[in-house]
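Residues per chain, in single letters:
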Amino acid sequence: MKIHSNSFGIISFLFVVALLAACKKDDLKSRSACDSSNTLFKQLYTNVTSSQGAADDVFMDLITHEYTFNVTVATTICQVGYQSLPTFNTTPYLIEIFNNSTNQLVYTGSHLFSSTATEYVAITPTALTAGESYTIRRIQTQWNGNIGNTIGRLAYIQGALLNFPITEGNLNITGSSLYGTGGPAVNFALPYIELVFE
């Protein structure tokens, strides 16, 4: 009887250990699925600078930099990537994702970003429905009396508008706008606000 209960205890212990190991493996798998190494946005942005001859620059002193997009298959945004100005790596930027099809704000969060390279921050997983229109915005209202503190990285063509839509894989960017204390500058540039999909 004693041996039997010890065997049951050992089996129960091994079952719990195996269950925890499986959960840990699933957790690591889901985190590694959010891969920012070569995103569709990064590929699309590189293509805009090469195929349309757009300059990759830090420019446009307007509070809000945004672009509108859709996806051709349902997916989830797990991270966003951005680079702050050198003096703004301790000042948060507001990131918003708005569903234009349903007229709903589906994500909002204040984030700090590195000033030396694009930094990726995890966001509440935000599901996207195929074919619906979304807008992602980077908003900087804390510009300390110097509107120059609202500039950001973007691709643009001097004296011309970008040609939208721009597509890479299942990501389709349909237009852009920059505004706030001026503008709007519609389809003038593509802001570098990187989407990372699961």
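In what follows, the accompanying structure is described. It should be emphasised that the depicted structure is a prediction, and the values quoted were computed from it without experimental measurement.

What counts, and where the lines are drawn
Residues numbered from 1 in each chain as written. Predicted model: local features only at pLDDT ≥ 70, side-chain atom pairs only at ≥ 80, totals over all residues. Heavy atoms only, no water. Phe/Tyr/Trp six-rings, centres within 6.5 Å; stacked < 30°, edge-to-face > 60°. Helix = DSSP H or I, 4+ residues; strand = E, 2+ residues; numbered from the N terminus. Buried < 20%, exposed > 50% of the residue type's maximum accessible area, 1.4 Å probe, protein only. Salt bridge = Lys/Arg side-chain N within 4 Å of Asp/Glu carboxyl O. Pairing = 2+ DSSP bridges. Axes fitted to C-alpha atoms, helices over the stretch in contact; angles between N-to-C directions. Core = buried A, V, L, I, M, F, W, Y, C linked by side-chain atoms within 4.5 Å. Contact = heavy atoms within 4.5 Å.

1. Brief notes about the packing of aromatic side chains
Then, in step 1: Counted by the stated rule, this structure contains twelve aromatic pairs.
Then, in step 2: Ring plane angle 15 degrees and centroid distance 5.5 Å describe the contact between Phe41 and Tyr67, whose orientation is recorded as stacked. Of this pair, Phe41 sits in helix H2 (residues 40-51) while Tyr67 sits in strand S2 (residues 64-71), placing them 26 residues apart in sequence. When sorted by exposure, Phe41 lands in the same class as Tyr67, which is buried.
Then, in step 3: Ring geometry for Phe59 versus Tyr156: centroids 4.9 Å apart, planes at 20 degrees, classification stacked. Separated by 97 residues along the polypeptide, Phe59 in strand S1 (residues 55-59) and Tyr156 in strand S8 (residues 152-156) bring together distant segments of the chain.
Then, in step 4: The exposure class assigned to Phe59 is partly exposed, which follows from its relative accessible area of 31%.
Then, in step 5: Through a chain of ring-to-ring contacts, three or more aromatic side chains come together here, namely Phe41, Tyr45, Tyr67, Phe69, Tyr134 and Tyr192.

2. Structural notes on the pattern of salt bridges
Then, in step 1: If you walk through the whole model with that rule in mind, you get four salt bridges.
Then, in step 2: A salt bridge links Glu66 to Arg137; the nearest nitrogen and oxygen atoms lie 2.6 Å apart. With a gap of 71 residues between them, Glu66 in strand S2 and Arg137 in strand S7 (residues 134-139) connect regions that are remote in the sequence. Of the two residues, Glu66 and Arg137, neither departs from the other in class, the shared state being buried.
Then, in step 3: Here Arg137 ties to Glu96 by a salt bridge, and the two come within 3.5 Å at their closest N and O atoms. With Arg137 in strand S7 and Glu96 in strand S4 (residues 93-99), this pair connects stretches of sequence that are 41 residues apart.
Then, in step 4: For Arg137, a relative accessible area of 16% translates into the label buried.
Then, in step 5: Linked through salt bridges whose partners overlap, the residues forming this network are Glu66, Glu96 and Arg137.

3. Thoughts on the sheet that holds strand S13 (residues 194-197)
Hydrogen bonding along the main chain pairs the strands of a sheet, whether they run parallel or antiparallel.
Then, in step 1: Pairing is antiparallel in the open sheet, where three strands are placed in the order S6-S3-S13. The outermost strands of the open sheet, each flanked by one partner alone, are strand S6 (119-128) and S13. Geometrically, the sheet is characterised by an average inter-axis angle of 30 degrees between neighbouring strands, direction not taken into account.
Then, in step 2: As paired elements, strand S3 (residues 75-82) and S6 share seven bridges and run antiparallel to each other. Among the inter-strand pairings, Tyr82 is bridged to a residue of S6, identified as Glu119.

4. A look at the nonpolar core
Then, in step 1: Core analysis: the largest hydrophobic core is formed by 35 residues, its most contacted members being Tyr67, Phe69, Ile77, Ile136, Ile173 and Leu190.
Then, in step 2: Counting only elements with at least two residues in this core, the list comes to H2, S2, S3, S4, S6, S7, strand S10 (171-179) and S13.
Then, in step 3: The dominant element in this core, judged by the number of residues it contributes, is H2, at four residues.
Then, in step 4: In this structure Ile77 touches Phe69, Ile97, Ile123, Thr124, Pro125, Thr126, Leu128, Leu195, Val196 and Phe197, once residues within four positions along its chain are discounted.
Then, in step 5: Leu62, Tyr156, Leu178 and Ala189 belong to the second-largest nonpolar core, a separate cluster that totals eight residues.

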